Amino acid sequence: MTTVGFIGSGHIGGTVARLAVAAGYDVVVSNSRGPETLADLVAELGPKARAATASEAAAAGDLVVVSVPFGKYQQVPVEPLAGKAVVDTNNYYPDRDGKFPALDDGSTTGSELLQGHLVGAHVVKVFNNIYWESLRSLARPAGASDRSALAIAGDDADAKAAVTAFLDAIGYDAVDAGPLAEGRRYQPGTPAYGGIYAGASLQDAVTGPADKVRAALASA
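Residues numbered from 1 in each chain as written. Predicted model: local features only at pLDDT ≥ 70, side-chain atom pairs only at ≥ 80, totals over all residues. Heavy atoms only, no water.

Draft legend 1. Spatial organisation of the pairing of strand β4 (residues 63-66). Here β4 shows a buried face lined by L63 and V65 and a second buried face lined by V64 and V66. Relative to β4, strand β1 (residues 3-7) is paired through four bridges, and the arrangement is parallel. Residue G5 lies in a different strand from β4, and its bridge partner there is V64. As judged from the four bridges shared by β4 and strand β5 (residues 85-88), these two strands associate in the parallel manner. Residue V64 lies in a different strand from β5, and its bridge partner there is V86. (Buried < 20%, exposed > 50% of the residue type's maximum accessible area, 1.4 Å probe, protein only. Helix = DSSP H or I, 4+ residues; strand = E, 2+ residues; numbered from the N terminus. Pairing = 2+ DSSP bridges.)

Draft legend 2. Region of the structure containing the side chain of S134. One can find S134 in helix α7 (residues 132-137). Beyond its immediate stretch of four places on either side in the chain, S134 contacts Y172, Y197, L202 and A205. (Contact = heavy atoms within 4.5 Å.)

Draft legend 3. Quick look at the environment of F100. Among the structural elements, F100 can be located in the loop between α4 (94-97) and α5 (101-104). In this structure the C-alpha to C-alpha distance between F100 and G71, which are 29 residues apart in sequence, comes to 8.8 Å. Excluding residues within four positions of it along the chain, F100 makes contact with F70, G71, Y73, Y92 and L113.

See the structure below:
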């Protein structure tokens, strides 16, 4: 894997793009406002980055990160993502996204809805439970004593392996939470959401090693 596509390049998407470039990946970033609005981000990222439309970023990526407000998940292009590992960073916030009864009653998860929309793709949920500044500051090389881990969930073993390898390259271990439905264990309101990497405030990042992540998941 050499290229990572980004559908959505805000706080989380942009941070993952920065980590990916630092790890040697090429990145193709996109947003809902057009490639021309990403000139500053591309200039910051350097020659390994370019801006494109969402469909172009989806087609270009060997792995594609979807980081748009959940309520817009049905706008994510389907055809260019078929057969690919797709990283879902999203959370459901009813005040922002509108009401989704199937999420409100717990009968499914946002990642499963995205998977249902992306026919043929392989969705893996990750990055949704960490503040973007913590994500940026906690990355560490493999083998570092203070390395943090991120939970992943997905239904396709190969896609999870690809995401695990990507996380390792950008500075994180992975804790496999199980199938995609188990992503509910690190959604908002769970012990594994947010505070696991935060001290007195979100801006005060603390290490979240694999055993700490596993304990938080187990208590959800």
